[in-house]
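Remarks on the overall topology
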2 protein chains.
Amino acid sequence: LKKYTVNLKNRSYPIYVKPDIYKELPQLLSEYNSSQRWVIISQHKIMELFGYKLEKKLKENNFDCFNITLPNGETAKSIKEYNRAIEQMIDFGCDRKSIVIALGGGVVGDVSGFIASTFMRGIKYFQVPTTLLSMVDSSIGGKTGINTSKGKNLIGTIYQPKAVFIDQNFLKTLPKDEVVSGLGEIIKYGIVLDFKFFNKVRNWIKDLSNFPFEEAIEICCKLKSEIISKDEMDNGIRAVLNFGHTIGHALELKYGFNKLKHGEAVAYGMISASYISFRLKKISHEQYKLIFKTIRLLPLPTLDKLDVNEILTFIKRDKKYIKGKINFVTLKNIGSAAITKNIQNKLIMDSIKIL
Amino acid sequence: LKKYTVNLKNRSYPIYVKPDIYKELPQLLSEYNSSQRWVIISQHKIMELFGYKLEKKLKENNFDCFNITLPNGETAKSIKEYNRAIEQMIDFGCDRKSIVIALGGGVVGDVSGFIASTFMRGIKYFQVPTTLLSMVDSSIGGKTGINTSKGKNLIGTIYQPKAVFIDQNFLKTLPKDEVVSGLGEIIKYGIVLDFKFFNKVRNWIKDLSNFPFEEAIEICCKLKSEIISKDEMDNGIRAVLNFGHTIGHALELKYGFNKLKHGEAVAYGMISASYISFRLKKISHEQYKLIFKTIRLLPLPTLDKLDVNEILTFIKRDKKYIKGKINFVTLKNIGSAAITKNIQNKLIMDSIKIL
C-alpha cells in the first residue's frame, strides 16, 4: 500500500495505491458508514466488471448501497444526465448524509464529483478511478464538470473527494487506446514537472508491453498531490498541468471524443505547445525534438488533414481564453513550465500545421 | 452607511446597508473592475425599476456590463432556466474572470449564486437584494439553490458572495405580501436568537405603517452575519435559522408559491414549531401564546382546510428529513433554539391542525 496526501487543511485527503484495493473498500470505508445511503455512480460496462461485485461486498458489510449507471462517453456529461442522476438519488431516499462512490474513468469522476458538490448543497464522495488517465490525473484535485451545448466543462466546481483509491489491477481490462491516453498525461508530468521522470518514461515507452504502471502511477500521484496542495483553486502553479490542453481540447472538439481520447489529444497538444516554446526561444531545438520523438513513440491515431482556422475557433471557446487572449502553458525547460500570455494566433496556427 | 462582516477567513465579506446605495455601485465595485465582463442577473420587473438604471451607470463608468432576466417566481429556479442563463453568459463572452451581480429577491439570489458557483468552476458574485426577505435573510450566508421536479433547493451549493449591498429604498416599491413575507423572517430572528429584539418587533408590528425597516434590517444583518461566521457549512448553530421552515416548506409545496410567500409559510410554520416546543414542555403555555399572538398580528393569507396527511408527505421530502427521521428546530426559550431529533409524526400532525 502506497499513500500520498493532498494537504488542504480541513479538506486534506489521502490517495491510496494498491492492487485489488477495491476488494478492501468495505473495511476502508467503514468509518464513514453510519447506516446512511451509499450510491456507486458508474457506467454499465464497469459495473459488470467490478461494480456489482463492489456493491455486493458493501451490502454484505451493512452498507445501504445503490447504484446509478451513466451512459458511455461524453453523453454522460450532459445536463440532462446530471439531472436524471440527481432525481434518481432522491428516489433512492438519499439525503445530506448520503455518500457517493465514483467508480470509473474521467467522465464518471467529473460527473460524480459535480453531483456530490451540488446535491443538497454538497455531500461526501470518494474517487475509485478505473482508467490509467483517471488514476494519474483526473481523480485527484477535485475538478468536477459537465458540458453544455456551448462547450466542455463550462459548468463545474472544485470540490475535493474524501479519499482516492487506486487499484492498478483495473488496468488489466483496459482497451489499448485508453492506455495510450493515460500515457499522454503521464508524459506530461515529466515534461512540465520532472526531467528525471521524463527520461524514465521515455525509456519505458520504448517497450510498452513491459511498462511499469505501478511505479508511473505512484510518481504521478505524488507530483499531482504536491501541486494541488500548493494551488487547489487553480490560480497559479496548478495551471502548468494544462500543458498541451489548449490545442488538445480543440482537437477533441474537432474529432469527437470517440475518435480521439483525451490523453491522445493532449499528446498532440503537447507537441504543438513544445513547438511554440521552441519558436519563442524558451527551449532549444534539441529539447523540442526530444519531446517530439518521445510523444511520437506512442501509437497515436493519425489526424486527418487539419483546417487550422477551424481549430482556432475551437481554441477561442476555451475556459483559458480570457478577455480575448489565451493563457498558454509553455516550457522553460523539460521539467519546468510557466504561463505565457498573448501568444499570437499566427504562431498557434503554425504549431497546429506541424501535427 | 452601516457595515457588518461575515467572518470566514479568506472568504470574509462585508454587508453594507444604506439607502440609495445602488447608485454608488460603480464606485463601490470599481476595485473589482479590470475590464472583464459583468452580468446583472435579475427579473424583468426589477430591471425596469432599477436594473436598467444600474446597468447604464455601470457602463458609463467603463464596466463591460450585460444583463440576464429570469422568469418570475419559482420557474426561474428550474434546471432549464439555469442552463439557459449559463449559455447566455457564454454568448456574452463571459469567462473565469467575469462577475455576476444578483439583483432581486430570494429566487434571483439563489439562482445567481448557483450560477456563479458553477460557471467555469466558480466566479465572483455580489448580492443586491431588492425584497425585505432577501435583505434580512437569503442574500447573506451563501446558500444557493435550484429546484428539481422532486423538490425545492435539492440542487445547490454554499458559495459566499464578495459583498452584499442593501438598499432600503428598494422596499418602497414592494407589494404588501412581500413585506409580510419579510416580516415573518424578521420575527424568526427574535424568536430563535434575541428575546429583546422579539419584544421590539412585537410592538412594531402593531403599527405596520410605521414599521422601522432600517433598524430591523440592521439587527437581522448583524444576527445573521454572526451565525454564518460561526457555522458557514450548516453543520451546527446555523440550523436554528430553519425554525418554522420544515412545516413552512411543506405549506409552500401544498399551496404553491404564488398563493403563499416563503416568509408567510414560515410564519405559519413557526406557530406549529412553537406549539411542538410547548407540547414537549420546552417552553411554557404563556410563551407559546405570546409567539402565537405576535405572528397572528401579521396579515397572513388564510389557509384552506388542511389535509394533515398530505402535509406530512411533503415534510418527508425535506432536506432535513435524514434517514427517515426529521431534525426539527424547537425552542428552549423565546430567544433560544436547538435541534430536537425524532419528533413523532402524531405531534407534527397535531401542530398542523391548529393552523
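Here the structure is shown first, and the text comes after it.
The model shown is predicted, which means the values in this text are computed figures rather than measured ones. (Residues numbered from 1 in each chain as written. Chains lettered and ligands numbered in written order. Predicted model: local features only at pLDDT ≥ 70, side-chain atom pairs only at ≥ 80, totals over all residues. Heavy atoms only, no water.)

1. Overview of the sheet that holds strand S5 (residues 99-104) of chain A
All names here are of chain A. Defined as follows: Two strands are counted as paired when DSSP detects at least two bridges linking them. For helices the rule is a DSSP run of H or I covering at least 4 residues; for strands it is a run of E covering at least 2, with both sets numbered from the N terminus onward. Each axis is a line fitted through C-alpha atoms, taken for helices only over the stretch in contact, and angles between the N-to-C directions span 0 to 180 degrees. Contacts: residue pairs with any heavy atoms within 4.5 Å of one another.
Strand order across the open sheet formed by seven strands is S1-S2-S9-S6-S5-S3-S4, with mixed pairing between neighbours. The two strands at the open ends of the sheet, each matched to only one other strand, are strand S1 (2-6) and strand S4 (64-70). Put simply, the sheet's adjacent strands are angled 20 degrees from each other on average, direction ignored. Examined bridge by bridge, S5 and strand S6 (residues 124-129) share six bridges and lie parallel to one another. Bridged to Ile101 within S6 is Phe126. Relative to the sheet, helix H8 (residues 213-230) contacts S1, strand S2 (13-17) and strand S9 (163-166), its axis offset from that of S1 by approximately 20 degrees.

2. A short note on the interface of chain A and chain B
Frequently, the measure chosen for interface size is the accessible area that the parts lose on association. Applied cut-off: Throughout, the accessible surface (probe 1.4 Å) given up by two parts as they are put together, summed over both, is called the buried area. In what follows, salt bridge is the name for a side-chain nitrogen of Lys or Arg lying within 4 Å of a carboxyl oxygen of Asp or Glu. Residues adjacent in sequence count toward polar contacts only when both atoms are side-chain atoms; beyond that, a polar contact is any pair of N or O atoms within 3.5 Å, and within protein one must be able to donate a hydrogen and the other to accept it. We call Asp, Glu, Lys and Arg charged. Ala, Val, Leu, Ile, Met, Phe, Trp, Tyr, Cys and Pro are nonpolar, and the rest, Gly among them, are polar.
On the side of chain B, 37 residues touch chain A, which itself brings 37 residues to the contact. Note on chain A versus chain B: buried area summed over both sides is about 3,300 Å², and carbon and sulfur give 57% of it. Inspection of the chain A/chain B interface yields four salt bridges. On inspection of chain A and its partner chain B, the count reaches 14 residue pairs in polar contact (both at pLDDT 80 or more). No other element matches helix H3 (residues 79-91) of chain A, which puts seven residues into the side of chain A that touches chain B. Here the residues of the side of chain A that touches chain B are counted per class, giving 13 nonpolar, 13 polar and 11 charged.

3. Side note on the packing of aromatic side chains
To keep things clear, this is the line we draw: Aromatic pairs are defined between Phe, Tyr and Trp rings, using the six-membered ring for Trp, whenever the two ring centres lie within 6.5 Å; interplanar angles under 30 degrees are classed as stacked, those over 60 as edge-to-face, and all others as tilted. For each residue, the accessible area found with a 1.4 Å probe, counting protein chains only, is set against the maximum for its type, and the residue is called buried under 20%, exposed over 50%, and partly exposed in between. As a reminder, the over-ring test applies to NZ of lysine and CZ of arginine, requiring each to be within 6 Å of the ring centre and within 35 degrees of the ring normal.
A complete count under the given rule lists 38 aromatic pairs over all chains for this structure. Seen from their ring centres, Tyr288 of chain B and Phe292 of chain B are 6.0 Å apart, and the 50 degrees between their planes marks the pair as tilted. Pair noted here: Tyr288 of chain B and Phe292 of chain B are both in helix H11 (residues 285-296), with a separation of four residues, about one helical turn. For Phe292 of chain B, a relative accessible area of 21% translates into the label partly exposed. Among the aromatic residues, those joined into a ring-pair cluster are Tyr16, Tyr32, Trp38, Phe63, Phe126 and Phe165 of chain A. The ring of Phe292 of chain B carries the charged tip of Lys289 of chain B above its face, separated from the ring centre by 4.7 Å.

4. Brief notes about the sheet that holds strand S6 (residues 124-129) of chain B
All names here are of chain B. With respect to topology, seven strands assemble into an open sheet ordered S1-S2-S9-S6-S5-S3-S4, the strand pairing being mixed. On the outer flanks of this sheet lie strand S1 (2-6) and strand S4 (64-70), each paired with one strand and no other. Within the sheet, the average angular offset between the axes of one strand and its neighbour, ignoring direction, is 20 degrees. Against the sheet, helix H2 (residues 44-60) touches strand S3 (37-43), S4 and strand S5 (99-104), its axis set at about 165 degrees to S3. Strands S3, S4 and S5 of the sheet are contacted by helix H3 (residues 79-91), whose axis makes an angle of about 160 degrees with S4.

5. Observations concerning the environment of Asn62 of chain A
Mapped onto the elements, Asn62 of chain A comes out in the loop between helix H2 (44-60) and S4. Separated by 32 residues in sequence, Asn62 of chain A and Ser30 of chain A have C-alpha atoms that sit 9.3 Å apart.

6. Section: the pairing of S2 of chain A
Residue and element names in this part refer to chain A. When you tally the buried positions in S2, you get five out of five residues, the bulk of the element. Side chains of S2 alternate between two faces, with Tyr13, Ile15 and Val17 and Pro14 and Tyr16 buried alike. In this structure, S1 lies alongside S2, joined through five bridges in antiparallel fashion. Across the sheet, Val6 pairs through a bridge with Tyr13, a residue of S2. In this antiparallel pair of consecutive strands, S1 and S2, the connection spans six residues, and Lys9 shows a positive phi of 50 degrees.

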